[in-house]
Amino acid sequence: MTDSSTTTDAPIAFGVDRLTVTSPGSGPYGDPLLVLASLPESLHPVSSDADLVGLRGTVGWTRVAQGALDSGARGVVVVAPEPVDRDALVALADRSSAPVVLDSPWVHNPAVSAAAEHFRRLTGPSALVEARVELPLASDLFQAALDQLSLLRAAIGPVVALRYLRLDGRGYDALGTLADGTTVSLAAILTGGLPAAATVRLVRPTEAVEVHLPAPDTATPGQAIVSGPDGAVLQVTKYESAHRAAWRRVRELVLTGGRSDDARGFADDLDLLSAAVRTATP
Amino acid sequence: MADSTIGVGILGCGPVTQAIHIPTIDRIRDSVQVVNVMDVNAQVAEAIASRVESRWTTSADELIADPAVEIVVVCSPNKFHAAQVIAACRAGKKAVLCEKPLALTEAEAREIAQVSAETGVPVVVGAMHTFDPAWLSARAEWGDLVETAHTIRYSIVLTPNTRSEDFASEIFGRPGARIDARSAVDIAADVMHGSIMGLAIHDLPLVRVFCPDFTDVELLSSQVLDPGGYLVNLRVGAKNVQLYGLNNESWRPEWRFEAVSDDTVMRIDFPPPYVHAGSGVTTFFDGESTRSFGPTGVNGYEREWRYVADLARGEAEPLDVSYLADDLAFAVGIADAATANVRARFGSEVTA
Ligand SMILES: NC(=O)c1ccc[n+]([C@@H]2O[C@H](COP(=O)([O-])OP(=O)(O)OC[C@H]3O[C@@H](n4cnc5c(N)ncnc54)[C@H](O)[C@@H]3O)[C@@H](O)[C@H]2O)c1
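Residues numbered from 1 in each chain as written. Chains lettered and ligands numbered in written order. Predicted model: local features only at pLDDT ≥ 70, side-chain atom pairs only at ≥ 80, totals over all residues. Heavy atoms only, no water.

Chain B is annotated in an unreviewed UniProt entry as Oxidoreductase of Amnibacterium flavum.

In the annotation of an unreviewed UniProt entry, the entry for chain A reads Oxidoreductase, and the organism field reads Amnibacterium flavum.

Trainee: What is the right way to look at the side chain of B:N240 in this model?
Mentor: If you trace the backbone, B:N240 turns up in strand β10 (residues 239–247). Since its relative accessible area comes to 4%, B:N240 is described here as buried. Reaching out from B:N240, the side chain makes a polar contact with the side chain of A:R166 at a distance of 3.1 Å. Every residue in contact with B:N240, bar those within four places of it in the chain, is listed here: A:R166, A:D168, A:R170, B:H150, B:T151, B:I152 and B:L234. (Helix = DSSP H or I, 4+ residues; strand = E, 2+ residues; numbered from the N terminus. Buried < 20%, exposed > 50% of the residue type's maximum accessible area, 1.4 Å probe, protein only. Polar contact = N/O pair within 3.5 Å; in protein donor to acceptor, adjacent residues only side chain to side chain. Contact = heavy atoms within 4.5 Å.)

Trainee: What's the story with the site of the ligand in this structure? I'm lost.
Mentor: All names here are of chain B. In the region of the ligand, 25 residues are neighbours, and D39, N78, H81, K100 and Y301 sit closest. At 2.6 Å from an oxygen atom of the ligand is found a side-chain nitrogen or oxygen belonging to D39. Look at the ligand: alone it shows 860 Å² of surface, and the protein chains cover 83% of it. Among the elements of the structure, α1 (15–27) and α4 (81–90) are those that each provide at least two residues to the shell around the ligand. At 3 residues, α1 tops the list of elements feeding residues into the shell around the ligand. Among the residues making up the shell around the ligand, the classes are represented as 14 nonpolar, 8 polar and 3 charged. (Near = heavy atom within 4 Å. Areas by Shrake-Rupley, 256 points an atom, 1.4 Å probe, with all protein chains shown as cover. Nonpolar A, V, L, I, M, F, W, Y, C, P; charged D, E, K, R; others polar.)

Trainee: How should I be thinking about the interface of chain A and chain B in this particular structure?
Mentor: How big an interface is tends to be expressed through the accessible area that disappears when the partners come together. On the side of chain B, 39 residues touch chain A, which itself brings 41 residues to the contact. When the area that chain A buries against chain B is broken down by residue, the three leading residues are A:R163, A:R170 and A:P205, summing to 17%. Between B:E254 and A:R201 there is a salt bridge whose closest N-O contact spans 3.1 Å. Of all the secondary structure elements, the ones that give two or more residues to the side of chain A that touches chain B are β6 (128–135), β7 (159–168), β8 (171–178), β9 (183–190), β10 (197–203), β11 (208–214), β12 (223–228) and β13 (231–234) of chain A. Per element, the largest residue contribution to the side of chain A that touches chain B is 6 residues, and it comes from β7(A). (Buried area = accessible area lost by both parts, 1.4 Å probe. Salt bridge = Lys/Arg side-chain N within 4 Å of Asp/Glu carboxyl O.)

Trainee: Sorry if this is basic, but what is going on with the layout of surface pockets here?
Mentor: Over the atoms, a rolled probe matching the size of one water molecule traces out where space is still vacant. Computed from the structure, the second largest pocket encloses a volume of approximately 910 Å³. A:E134, A:T199, A:H212, B:R256 and B:R267 are the residues nearest the centre of the second largest pocket, which is lined by 42 residues in total. (1 Å grid on protein atoms, 1.4 Å probe; cavity = no way out; pocket = protein on both sides within 12 Å on 5 of 7 lines; lining within 4 Å. Points joined across faces, edges and corners; volume = space filled by probe spheres on them.)

Trainee: So what exactly am I meant to see when it comes to the domain arrangement of chain A here?
Mentor: Residues and elements named next belong to chain A. Split by domain assignment, chain A resolves into domain 1 (2–106 + 243–270) and domain 2 (110–239). Spacing between the C-alpha centres of domain 1 and domain 2 amounts to 24 Å. Each side of the interface is counted separately: domain 1 has 13 residues, and domain 2 has 19 residues. With both sides pooled, the region where domain 1 packs onto domain 2 buries about 1300 Å², and carbon together with sulfur makes up 61% of that total. The three residues of domain 1 that bury the most area against domain 2 are P105, W106 and D269, which together make up 57% of that side's buried surface. Run the count over domain 1 and domain 2 and you get 1 salt bridge. The salt bridge partner of D269 is R153, with a shortest N-O separation of 2.9 Å. The interface formed by domain 1 and domain 2 holds 3 residue pairs in polar contact (both at pLDDT 80 or more) in total. Examining the composition of the side of domain 1 that touches domain 2, we find that 5 residues originate from one element, helix α6 (residues 262–279), more than from any other. In terms of residue class, the side of domain 1 that touches domain 2 is made up of 6 nonpolar, 3 polar and 4 charged. (Domains from an automatic or database assignment.)

Listed below in structure tokens is the structure:
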């Protein structure tokens, strides 16, 4: 197989275009790169001078990502990115040399891309989008909202306005709008009763689209269901972890010379969220 | 038809009588039997009477005065409920089953409670989910969830009523759509009020059970959804409550009530209205395990009717009608606040 632009779902041929990967050690930014065991022909761990760098998105991660690019990395994956300084994000986004993929928890589940074309086809003023996450007790709610905004951006489009209705120790409820005026209801519910999960559902007068996403650390599949007057269709169910899909994406971008808008989107979401939190009633 | 069957008289013979009550009464025909039906539309009354082989009339007073009518079912448009329930109580019937809502205002509901107490005639509201085996097993199993739940979600996505009605019966004389000459803001306000008092009201009694401080309600947001629905966020006492309801043409109906605490999620999934599809299912998730109750073959409508028949026979404890009036007051309070907010914010951005 030589046309790497068609590799998204195709089996990977032996030894072709294998990229090397490293991570910045065992410190706060080090990622154990366990995912590599599931992509042994595509990615290969090395101790330095790798094609790709994988790092944890711990506070200050933009500096480490910049450092990796400065040292010649062809692509970077940031696992579970946390809020960072906006200017540093923009600077990173402006570097076109190599893609930086943000492995935000829900975004890369294959069910998201399966649902995305339907979500995008059906948004508009007569649609309502509901986004809900269930997370363990004491989860960071700013991070939860940031991850939810990343998910909405990937599945449907960016949220451009946001207002908290409630933000307390048990979760939040918020209302937002997409660029085309679609109303979005966002909620986080903290409980130990259910494993972490995210749901996005769009309902409009004649159709509905919903995607259910399990926690990203296993390959428990997400589900995307599209329904309308003719019935309901469960989209292809892929037993691939979101995390593995993120790594396949960065590899694909590197091999095809593609770019990633993740850092730019993350900066915009961070701006929106910070402003909304400032006006949230305590 | 045994001699021991109890005579039923029905006020209002629209789709709900045809698709819900008559098929349900038929399932328990050993104990109840329709003897008289009334509708202001004589053709409708006559057609329904011919189905159940009963007398018919266009006069509510005449039906209520019929001594063979021991149970009165109030299934007329909402604005007639209170007066008809009160008249049936005053006539000394054995039981009154009033379709939801019990009344339009809290004052009407309180008057019903008072008349029921005075006359000793038991009144039941057709809130079928409060009779659904799924709700009853939830009650039996939820332990301290009423105290510990912090988040309540009540969500309804239903296909058009007519579709469900047509699966349950063949509707005679379906009311036509009305021509709308109201302004956009009036329509939005009416959709909100009508949706809360017509659709959300079904399970507001369930929500209220989980909100011990049910008089302390703060409206956080309310929006009308296209083509007719609502999204309402509330704080009720210390509980976060979201009510969501919408009719759409897709084929994935959802009617779900959830109560969430720090360690448990309780989810009740009910079947759509009108259809006779057995009970709901209650599921408890505790992080490690999942416990499920139902479905059973008996739905809320049938349990409701068996209870009404038992009441009429003096074999069941009557409901506390002032509790039902509290349910109504809770619903009216939410409907009024949500509607006032829709008017006040009409045309402004949801995020403004
Ligand atoms: N439990 C449920 O699942 C459920 C579902 C939907 C509606 N409902 C309730 O059932 C009731 C009836 O609903 P519907 O859709 O059949 O209503 P409808 O308005 O379509 O029909 C009611 C019937 O009452 C007749 N009517 C008009 N004025 C009357 C009067 N003064 N006295 C007696 N009858 C009169 C009409 O001619 C019509 O045939 C409503 O209160 C509604 O809220 C219950």
